[in-house]
Amino acid sequence: MNRWLTQGLSGELADMYVDSRETSAAEAYRSRSRQDFLNRLTGDIRRPGFAMVIAETDHLVGGAFRFPVGSDGFWWSGFDGALPQSIEQLTASGGVFAITSILVQPHPQDQDVARRLQERLLGDH
């Protein structure tokens, strides 16, 4: 999905995010976590190479987001652990992605939605 379609779904995605947290409905709608999610999503969709896939039936069931990580080193500041020696080459070639969110409505009959969303999101890379 492109940036504009993602923006159109931002309210539903935020609702799904809130639903995945344990808070009352009134508290969840007003909570900072909902607004924080929307702020992060707004920032992410502005990144070059942003991509999103969704799962839906008669309503939105899940979504996953990603963007390529650049080789400028900004992304890696504060990274805990040793980076592979080839990380600069991998990022320069466009082969490193950050999956920023995977949201899935809980449903006992289909527990593979998150895995399938991730596979679809990264399938062409």
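Throughout this description, residue numbers start from 1 for each chain and increase along the sequence as written. Note on the predicted model: pLDDT of at least 70 is required for a residue's local features to be given, and 80 or more for side-chain atom pairs to be given and counted; whole-chain, interface and lining totals, by contrast, use all residues. Only hydrogens and water are removed before side-chain values are computed, so all heavy atoms of the structure are retained for them.

**Student:** Can you break down the overall build of the protein residue by residue, with the values?
**Tutor:** Strands here are runs of E lasting at least two residues and helices are runs of H or I lasting at least four, both read from the DSSP assignment and numbered beginning at the N terminus. Scanning the protein from N- to C-terminus turns up six helices and three strands. If you list the helices and strands of the protein from N to C, you get α-α-α-α-β-β-α-β-α. Burial classification: accessible surface area is computed with a 1.4 Å probe over protein chains only, and a residue below 20% of its type maximum counts as buried, one above 50% as exposed, and the rest as partly exposed. Residues classed as buried in the protein amount to 33% of the 125 residues present. Between two residues, a contact is recorded if the distance between any of their heavy atoms is within 4.5 Å. Excluding contacts between residues fewer than 6 apart, the proportion of contacts in the protein whose partners are at least 24 apart in sequence is 56%. To be clear on the numbers: accessible area is Shrake-Rupley with a 1.4 Å probe, and residue cover counts the displayed protein chains and nothing else. As displayed, the protein has an accessible area near 8,300 Å², and 49% of this comes from carbon and sulfur atoms.

**Student:** Outline the pattern of salt bridges, listing residues and values.
**Tutor:** Counted as salt bridges are all cases of a side-chain nitrogen of Lys or Arg within 4 Å of a carboxyl oxygen of Asp or Glu. Summed over the entire model, instances satisfying the criterion amount to four salt bridges. One salt bridge in this structure joins arginine 47 and aspartate 44, with 3.6 Å as the shortest N-O distance. Accessibility expressed as a relative area gives 12% for aspartate 44, which makes it buried. Three or more residues joined by partner-sharing salt bridges are found here, namely Asp112, Arg115 and Glu119.

**Student:** Pulling in residues and values, what's your account of the sheet that holds strand β1 (residues 51-56)?
**Tutor:** Reading across the sheet, the three strands line up as β1-β2-β3 and stay open at both edges, with antiparallel pairing between neighbours. The open sheet is flanked by β1 and β3 (97-104), the only strands paired with a single partner. Between one strand and the next, the sheet's axes are offset by a mean angle of 10 degrees, whatever the strand orientation. Seen against the sheet, helix α2 (residues 10-19) touches β1, β2 (60-68) and β3 and runs at an angle of roughly 105 degrees to β2. Along the sheet face, helix α6 (residues 113-122) touches β1, β2 and β3 and points at about 145 degrees away from the line of β3. Pairing between strands requires that DSSP locate at least two bridges from one strand to the other. Whenever a helix is involved, its axis is fitted only over the stretch in contact; in every case the axis is a line through C-alpha atoms, and angles between N-to-C directions fall within 0 to 180 degrees.

**Student:** Could you give me a rundown of the environment of proline 68, with the residues and numbers involved?
**Tutor:** Topologically, proline 68 is positioned in strand β2. Judged by relative accessible area, proline 68 falls into the partly exposed class, the value being 30%. Distance from proline 68 to valine 96, taken between C-alpha atoms, is 5.8 Å for residues 28 residues apart in sequence. When near neighbours in sequence (up to four residues on either side) are disregarded, proline 68 contacts Pro48, Gly49, Phe50, Val96 and Phe97.

**Student:** Describe the side chain of serine 101, with residues and values.
**Tutor:** Relative to the assigned elements, serine 101 resides in strand β3. Since its relative accessible area comes to 17%, serine 101 is described here as buried.

**Student:** An account of the nonpolar core is requested, with residue identities and associated values reported.
**Tutor:** The tendency in soluble globular proteins is for nonpolar side chains to be buried as a group. The biggest cluster of nonpolar side chains holds 15 residues, and the ones touching the most others in it are Leu13, Phe37, Leu41, Met52, Phe65 and Leu103. Every element with two or more residues in this core is listed here: α2, α4 (32-45) and β2. When residues of this core are assigned to their parent elements, the largest contribution, five residues, is made by α2. Not counting chain neighbours up to four residues away, the residues in contact with leucine 103 comprise Leu13, Met16, Tyr17, Phe37, Val61, Gly62, Gly63, Phe65 and Leu117. Formed by eight residues, the second largest nonpolar core is a distinct cluster that contains Ala51, Val53, Leu117 and Leu121. Nonpolar core, defined: a set of buried Ala, Val, Leu, Ile, Met, Phe, Trp, Tyr and Cys residues in which side-chain atoms within 4.5 Å join the residues together.

**Student:** Please set out the environment of methionine 16 residue by residue, giving values where relevant.
**Tutor:** Mapped onto the elements of the fold, methionine 16 is located in helix α2. When sequence neighbours within four positions are dropped, the list of residues in contact with methionine 16 reads Leu60, Val61, Gly62, Leu103, Val104 and Gln105.

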